[in-house]
Amino acid sequence: MRRIAVLGSTGSIGTQTLDVARRHPGKIEIVALAAGRRAHEAFEQAKEFNVRTIALGKEPDFEIPDGIEVSVGPNAVADLVSLDEVDVVVNALVGAAGLRASYETLKAGKVLALANKESLVVGGDLIMPLAAKVDSQRRESGLAPETGPAGALMPIDSEHGAIYQCLIGEEHREVERLWVTASGGPFRGKKRDELKGITAKEALAHPTWNMGPKITIDSSTLMNKGLEVIEAHHLFDMPYDKISVVVQPQSAIHSMVEFSDGSVKAHLGTTDMRIPIQYALSYPERWDAPVEPLDFTKLGSLEFAEPDTETFKCLALARAAGMQGGTLPCVMNAANEIAVAAFLAGEGTYLGIAECVEAVMNMHDVQSVESIDQLLGIDTWAREQAKSNIR
Ligand code: MG
C-alpha cells in the first residue's frame, strides 16, 4: 500500500490523482490533502477517502467536520508532507509556491511525485542533490527496485514521465539527445502580428491537453515547453545542447530519447494525464488504467516541426535562462507568473507576457543558488519588477 499526500488536491492534477486512487483502492491510500482554495471540495474529498488531515491556504469560513484535523498557514504544507503516515507526496501545487513543499518532502525522506515543474525550474540546484540522497537511502533500506532508478523523484509531467520510461535500462553516457515534444498550443502556425489582440479565452482553448488556466496559457506561449526543458536538464542531468524541442501536434508521442547508435525510443499513448500520474505512483510496476488505448489504425499521420521561437519568444527566453542558470530561471519564472496572471485578468496583452519576462530577466544580477530563502527573496523581487513591467 502506498500512502499518499496530495498537494493541490482540488486542481486538475489533484482530482485526476484521486481518480487513479479510486481505481486502485488496494494499492493506494490517500492520507492527507492540501488545497489552496476550494476548501469545500477538499472536505468532500476528505470524506470520500476517509482522510483526516488537511492543509488549507486560508481559514475555512464554515464549520470543520468532526474527526478532521485542519492546519492553515505557511508551515501547514511542510508539516503535512513530513507526517509519519505519508510515503509519497504528489506535489500539484501551482507555481513557485510548490518549491518549499518539494524541498520538505525530500528532506523528510519521502518519495516526491512531481507535477509542480517550478520546483525544478527554480530550485533544481537544491532539489536534485536532495533527491539523490533519498535515492541512496531507498537503496540502502531495500525500498528501491532491484534495477532502474531508485524512484525518489518521479516526474508527473507527461514529457518527463515519457523520457523517464525511455531511459530505464539505458546508460546515461549512451544518451545522445532528449527530444521533448510540444503540441504547439492553440496558436501553432500563427505569426506575431496575428497574436496581438489574443484574449485569455482564446488562449485557454488548448487543442489536446485539459489543464488548469496557468499552464494552459504557458502552453500557448510555449513557456511551458521552456520550463520543461529546464526541468529535463535537472531531472536527467543533460546539458542544454542535448535537449531539443519538436512540435508534434497530435501529442501522441509524449517525448523521445536518442542514443549514441542513432536509435530512438519514443513513448506513445493516449493524451490522458492519469497515465503519467499513475506511473509516478506505480513505478516500478504498471497497473491497469481506465483509458482508451491508442488505436494506431485510426491515428493517421504524425507530424513534426521545429518550434517557432521568433513568434513564441518565451521558449527562447526560458532556454536562455536555463543555460545561464543560477538564480535566472527563478526570476524568469516569477516574472512569467505575474505576466500570465495580468493577462488572465485582462490587464496585460498576450505578447506582453514575453516582453515582461525579458525585461525583468535583464534587470537581474545572476547569483548561484544557495538556499530556499534566497530563492524566495529573489522570487519576491522579480514579482515586484514584473508588476511594474506589465505590457
Ligand atoms: Mg508537459
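Residues numbered from 1 in each chain as written. Predicted model: local features only at pLDDT ≥ 70, side-chain atom pairs only at ≥ 80, totals over all residues. Heavy atoms only, no water.

A.B. asks: I would appreciate a short explanation of the nonpolar core in the present structure.
C.D. replies: One finds Ile30, Met332 and Tyr350 to be the most contacted residues of the largest nonpolar core, which totals 107 residues. Split by domain, this core shows at least three residues from each of two domains, domain 1 (2–155) and domain 2 (158–270 + 298–324). Dropping the residues within four chain positions of it, Met332 is found in contact with Val121, Met223, Leu227, Ile230, Ala318, Ala321, Val357 and Met361. Core analysis: the next-biggest nonpolar cluster, separate from the first, contains 14 residues, Ala5, Val31, Ala76 and Val77 among them. (Core = buried A, V, L, I, M, F, W, Y, C linked by side-chain atoms within 4.5 Å. Buried < 20%, exposed > 50% of the residue type's maximum accessible area, 1.4 Å probe, protein only. Domains from an automatic or database assignment. Contact = heavy atoms within 4.5 Å.)

A.B. asks: Can you help me understand helix α10 (residues 274–282) in this one?
C.D. replies: The α-helix winds at 3.6 residues per turn, so residues separated by three or four positions along the chain end up facing the same way. Judged by how many residues are buried, α10 sits mostly within the fold: seven of nine residues are covered. Among the residues making up α10, those that are buried are Pro276, Ile277, Gln278, Tyr279, Ala280, Leu281 and Ser282. (Helix = DSSP H or I, 4+ residues; strand = E, 2+ residues; numbered from the N terminus.)

A.B. asks: What exactly am I supposed to notice about the domain arrangement of the chain here?
C.D. replies: Many structure descriptions define interface size as the accessible area lost when the parts assemble. Along its sequence, the chain is organised into domain 1 (2–155) and domain 2 (158–270 + 298–324). Centre-to-centre, using C-alpha coordinates, domain 1 lies 26 Å away from domain 2. In this assembly, domain 1 packs against domain 2 so that about 1300 Å² is buried in total across both faces, 70% of it on carbon and sulfur atoms. It is Lys117, Val121 and Pro155 in domain 1 that bury the most area against domain 2; as a group they hold 44% of the surface buried on that side. Joining domain 1 to domain 2, the criterion identifies two salt bridges. (Buried area = accessible area lost by both parts, 1.4 Å probe. Salt bridge = Lys/Arg side-chain N within 4 Å of Asp/Glu carboxyl O.)

A.B. asks: Honestly, the state of the cysteines in this entry has me stumped. Any pointers?
C.D. replies: The bond known as a disulfide is covalent and runs between the sulfur atoms of two cysteines. Enumeration according to the criterion identifies zero disulfides in this entry. For the unlinked cysteine Cys314, the closest cysteine sulfur is that of Cys356, found at 9.7 Å. Since its relative accessible area comes to 2%, Cys314 is described here as buried. In this structure Cys330 is not part of a disulfide, and its nearest cysteine sulfur, from Cys356, lies 14 Å away. Residue Cys330 is classed as buried on the basis of its relative accessible area, which comes to 1%. (Disulfide = S-S within 2.5 Å.)

A.B. asks: I would appreciate a short explanation of the sheet that holds strand β2 (residues 28–35) in the present structure.
C.D. replies: In sheet architecture, strand pairing relies on hydrogen bonds along the backbone and comes in two forms, parallel and antiparallel. Pairing is parallel in the open sheet, where seven strands are placed in the order β4-β3-β2-β1-β5-β6-β7. At either end of the open sheet lies a strand with only one pairing partner, and these are β4 (69–72) and β7 (153–155). For this sheet, the mean angle separating the axes of adjacent strands, direction not counted, is 20 degrees. As paired strands, strand β1 (residues 2–7) and strand β5 (residues 88–91) are joined by four bridges and run parallel to one another. Bridge pairing in β5 links Ala5 to Val89. Packed onto the sheet, helix α2 (residues 39–49) meets β2, β3 (53–56) and β4 and runs at close to 165 degrees relative to β3. The sheet contacts of helix α5 (residues 118–140) involve β5, β6 (111–114) and β7, and relative to β7 the element is tilted by about 130 degrees. (Pairing = 2+ DSSP bridges. Axes fitted to C-alpha atoms, helices over the stretch in contact; angles between N-to-C directions.)

A.B. asks: Would you take a moment to explain the environment of Asp157 for this structure?
C.D. replies: Relative to the helices and strands, Asp157 is located in the loop between β7 and α6 (158–167). With 108 residues separating them along the chain, Asp157 and Phe49 place their C-alpha atoms 25 Å apart. Non-local contacts of Asp157, meaning those with residues more than four positions away in its chain, are made with Leu114, Lys117, Glu228 and Glu231.

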